[in-house]
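Remarks on the overall topology
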Amino acid sequence: MRKLLCATDLSMRAERAVRRAAGLAQQHGAELLLLHVVDDDQPHHIIEARQAEARAHLESGAAALPGGRDSIAAIEVVAGNAFEAIARYALEWNAELIVMGAHRRRALVDVFVGSTLERVLRADGVPVLVVNTGEHGPYRDVLLALDISPASTRAVQAARSLGLLDGGISVVHAYDAAFTGMLEGSGASPDEARAYSEAWEREARARLRAFLAANDLADRRIELTIDSGSPYDAIHHAVAQQAPQLLVVGTRGLTGLKRVFLGSVADRVLREIECDILAVPPPRAARR
């Protein structure tokens, strides 16, 4: 990790993200750009006053960050649209990671338009670390949520390249045991239904181990959680049981009404899971 961007709205949620970003910069010897965007839909004198106030706040708080003021390569306070500014600075800064605080959901506004966080994920193609906790040391326990898809491959590769897989690793994977419900209602004996379910689990486990081997994780000691339930339920349960410091998920980049009506496991994870989350989107060229 060489360059990261932390976008802050100066809220308490964002303060946690700033501390985490500074800690990562110190840990990896990376350059950190701290960015705050003032809404430009207000009188000019108010914009200037809020920019000056925000810069003073960020400068004064820098000394208390991990690594102190030296942990921040640059502080930018600009006027504009938050999503557009983050996207522009991430591109200009060549950021390998964007760090943000969790956002407050606003019902239909976020569903149809998307929060700043969700819009950044859908547009930039840059991994986003969503910070929910106040810790800022190295991630010691990382949970990979894998569905054995290209999105999962990107997530593992990104987490590794960012130096976030140096601690303990566990994996949660949900599989679809096709026709199990129909089998149970067709008059099959409990032993037959159980044997069918166990066969599906063995196949899912074999596919998962092959995926880990293909992604150079076969030699790591990894705890596997394999569940036949819904992907979100499997992730939620694994997080509750294991209390990881970081959850890694891949996103698929769905947009518009397709996202609204089909939903997204990653979207729900970002809204409802409380640990830190690394969300890895598809490259910008793969948007659809």
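So, here is what we can say about the structure in this document. This one's a predicted model, so the numbers in the text were calculated from it and none came from an experiment.

All right, on to the pattern of salt bridges then. Tallied over the full model, the rule gives six salt bridges. Salt-bridge contacts for R2 lead to E96; the nearest nitrogen and oxygen are separated by 3.7 Å. Separated by 94 residues along the polypeptide, R2 in the segment before β1 (3–7) and E96 in the loop between α3 (82–93) and β4 (97–101) bring together distant segments of the chain. Residues R207 and E203 are paired through a salt bridge, measuring 3.0 Å at the closest nitrogen-oxygen approach. In this pair, R207 and E203 are both assigned in helix α8 (residues 190–214), four residues apart and thus about one turn of the helix distant.

Phi at L10 takes a positive value of approximately 70°, unusual for a residue other than glycine. Looking at L10, the relative accessible area reads 28%, which means it is partly exposed. One non-glycine residue, N94, lies in the positive phi region at around 55°. Here N94 is to be found in the loop between α3 and β4.

Right, let's talk about helix α9 (residues 231–242) for a bit. For α9, with twelve residues, the first-to-last C-alpha span of 16 Å sits near the 16 Å given by 1.5 Å per residue. Of all the positions in α9, only Y232, A234, I235, A238 and V239 are classed as buried. Take α9 and look down its axis: the buried residues cluster within an arc of 165°, on one side only. The exposed residues of α9 that point more than 90 degrees off its buried face are A240 and Q241. A243 occupies a position one or two residues after α9 and carries a positive phi of about 50°.

Scoring rules and cut-offs
Residues numbered from 1 in each chain as written. Predicted model: local features only at pLDDT ≥ 70, side-chain atom pairs only at ≥ 80, totals over all residues. Heavy atoms only, no water. Salt bridge = Lys/Arg side-chain N within 4 Å of Asp/Glu carboxyl O. Helix = DSSP H or I, 4+ residues; strand = E, 2+ residues; numbered from the N terminus. Buried < 20%, exposed > 50% of the residue type's maximum accessible area, 1.4 Å probe, protein only. Expected span 1.5 Å × (residues − 1). Arc of directions from axis to C-beta.

What is shown is where atoms sit, not what they do.
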